[in-house]
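# Structural overview for review
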Amino acid sequence: MSLQMVSTVSNSSLLQPGFSLLNFDGHVFFFGQKGWPKRSCPTGVFLLDIKQNELKMKPAAFSKDSCYLPPLRYPALCTLRSDASADEYQYIIHGGKTPNNELSDKIYFMSLVSKTSKKIIFQCIEKDLGGDVPEARYGHTINVVHSRGKSMSVLFGGRTYTPLAQRTTEKWNSVVDCLPSVFLIDFEFGCCTSYILPELQDGLSFHVSIARDDTIYILGGHSLQNNTRSPNLYKLKIDLPLGSPAVTCTILPGGISVSSAIVTQISDTEFVLLGGYHSDNQKRLACNTIVLEDGKIEIVESVTPEWTPDIKHCRMWFGCDMGKGSVLLGIPGANKQIIPDANYFYILRCKGAEEDKEELITQNCSQTSSEDAGDSAPFEDSEEFCFSAEANSFDADDADTYNEDDEEDESETGYWITCCASCNIDINTWVPFYSTELNKPAMILCSSGAGHWVHAQCMDLSETILLRLSEANVKYFCNKHIDLNKGLQTPQKVMRLKKPPMKPLRKKKTMKLPTSAKKSFLRRLFE
């Protein structure tokens, strides 16, 4: 085994735990970036271009008939082929978390439409399902089995939020294990069927699943209810006759108590399992070889790579299969790097003798753990993202490289901004304050200047006032601009000028002469 460090160029802050891998023809893409997509790449899907141990990100486009695909973190995904020997395939994507920490229950099909040296176009289609539709979840796995000339998808495990009827103010956003049901999904008819098996008693998440023909092996995983990592090895066998499918489960000996482990395939029948955690604060540095042959599974210890001191002493790590016997590993950069939230990345190569063979159709799926990143809980903090070393063969124009510096800082426009000097809303510690809140804090627009958003809780708004403001068409001003609000609502008084009243005009008085005087006057006038 060989371990080699990979450097990231400029936009490494987007490469946080939680990415998902799409590998088409040796070119590897990922989606589920940190935060919502921006103008430079509205699809949120990137090509990972590796040249001379440097990683660059280049945006990909969607076709006009594609649906919207949110940047989902920690979904379940696998490849779907028309039959086991088909060359063309597409990806199934189910569940995951949005940047607002909302869980998705939707399922998408992603396929490659066209690829040139300068532009890559995908088609994304949302599928409607009926029957026993799996609830929204993350940290689960999905695989495709083939039996009697038919194919079906099998979904198992994961976590979800506490049901609404069981939520309290203190544990509003807490997560629980999904029920240990096995879901069979028939995409030809768009229907789902759930199976409850007596061998599966506890819910599991961030486990490893390997599918081969009509059999799925489930290894490890973490149960929140018991806070344990299962030592059991489960064998699911799916028979697809003309009638109803038959699902059976067998518990096999020789399992490994591990969570967040990674599996990579090195030959037609051999796999390597590495990484993960023995406990909340103990990484698993050992490696194992898994052999699938003649309908049986064998797990033996294998050679351990020479881990660097940084890998040995870090409290958390994450990674994923890169294909053809290679694994990408990431560890937190902590305070060692100038760029905040940056990570160190390594490529571990453990290829077998058949490393030049074409990509094998056997599927493996592993889920690393989730929740909020921090020093207190490294186990549930590692989320999986990966890319392939084969991406260095893609000769694309460097002018198309995604540059995060050209974008606006998303931290200034989301729900988790610092809205004022006294703001105490933190994505890692926030709990709902109002009854209308679920996964994100309530915000209100301040009408000062061009306008800016503030948290209702930071403005000390009661729930009654908040509801009135949301229903009424009135302007609101935050605590900082309340004086401007008063000035607009109460105009300054203007002193009126006092004007003296105008005197009415008086009529001139005329003298009236008596009749005898008028006659005397007329006589004198005519004499």
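Residues numbered from 1 in each chain as written. Predicted model: local features only at pLDDT ≥ 70, side-chain atom pairs only at ≥ 80, totals over all residues. Heavy atoms only, no water.

The next point concerns the UniProt feature "binding site: Zn(2+) 2" (unreviewed entry) in the protein chain. Under the present numbering, the feature "binding site: Zn(2+) 2" (unreviewed entry) in UniProt falls on C446, H452, C478 and H481. In three dimensions, the annotated residues from a span of 36 residues occupy one location, with a maximal C-alpha spread of 11.1 Å. Among the secondary structure elements, C478 is positioned in the loop between α2 (463–471) and α3 (482–489). We classify C478 as buried; its relative accessible area is 3%. Secondary-structure assignment places H481 in the loop between α2 and α3. Not counting residues within four places of it along the chain, the set of residues in contact with H481 comprises C446, S448 and H452. (UniProt positions renumbered as here; feature names shortened; annotations may be inferred. Helix = DSSP H or I, 4+ residues; strand = E, 2+ residues; numbered from the N terminus. Buried < 20%, exposed > 50% of the residue type's maximum accessible area, 1.4 Å probe, protein only. Contact = heavy atoms within 4.5 Å.)

What follows deals with the confidence of the model for the protein chain. Looking at the protein chain as a whole, its pLDDT mean stands at 79, while 76% of the residues score no less than 70. Here residues 369–399 is modelled with pLDDT under 50, and outside its nearest four sequence neighbours on either side it reaches 129 contacts, counting other chains as well. Within the model, pLDDT remains below 50 along residues 404–413, and this stretch shows 18 contacts once partners closer than five positions in the same chain are excluded. (pLDDT = per-residue confidence, 0-100.)

We now examine the pairing of strand β34 (residues 443–446). As paired elements, β34 and strand β35 (residues 452–455) share four bridges and run antiparallel to each other. Along β35, the bridge assignment pairs L445 with W453. The hairpin formed by β34 and β35 contains five residues between the paired strands, and G449 there has a positive phi angle of roughly 60°. (Pairing = 2+ DSSP bridges.)

For the rest of this paragraph, the subject is the UniProt feature "binding site: Zn(2+) 1" (unreviewed entry) in the protein chain. Within this structure's numbering, the places UniProt gives as "binding site: Zn(2+) 1" (unreviewed entry) are C419, C423, H455 and C458. Spatial clustering of the annotated residues is evident: they stretch over 40 residues in sequence, but the largest pairwise C-alpha distance comes to 8.1 Å. By the secondary structure assignment, C419 is in the loop between β33 (363–366) and β34. Judged by its relative accessible area of 13%, C419 is buried. Ignoring anything within four residues of it in the chain, the contact list for C419 reads W453, V454, H455 and C458. Apart from residues lying up to four places away in sequence, C458 is in contact with C419, C420, C423, N424, I425 and N479.

If you trace the backbone, G319 turns up in strand β30 (residues 318–323). Expressed as a C-alpha distance, the spacing of G319 and P17, which sit 302 residues apart in the sequence, is 8.2 Å.

Let us look at the sheet that holds strand β4 (residues 46–51). A sheet is described by the order of its strands in space; here eight strands give the open sequence β2-β3-β4-β5-β1-β32-β31-β30, paired in mixed fashion. Strands at the two margins of the open sheet, each flanked by one partner only, are β2 (20–24) and β30. This sheet shows a mean twist of 35° between the axes of neighbouring strands, independent of strand direction. One ladder, built from five bridges, connects strand β1 (residues 2–8) with strand β32 (residues 343–349); its direction is antiparallel. Residue pairing for β32: V6 is matched across the bridge by F345. (Axes fitted to C-alpha atoms, helices over the stretch in contact; angles between N-to-C directions.)

This brings us to the state of the cysteines. Considering all chains together, one arrives at zero disulfides under this definition. Here C192 is not cross-linked by a disulfide; its sulfur's nearest cysteine counterpart is in C191, at 6.9 Å. The class of C192 is buried, set by a relative accessible area of 5%. (Disulfide = S-S within 2.5 Å.)

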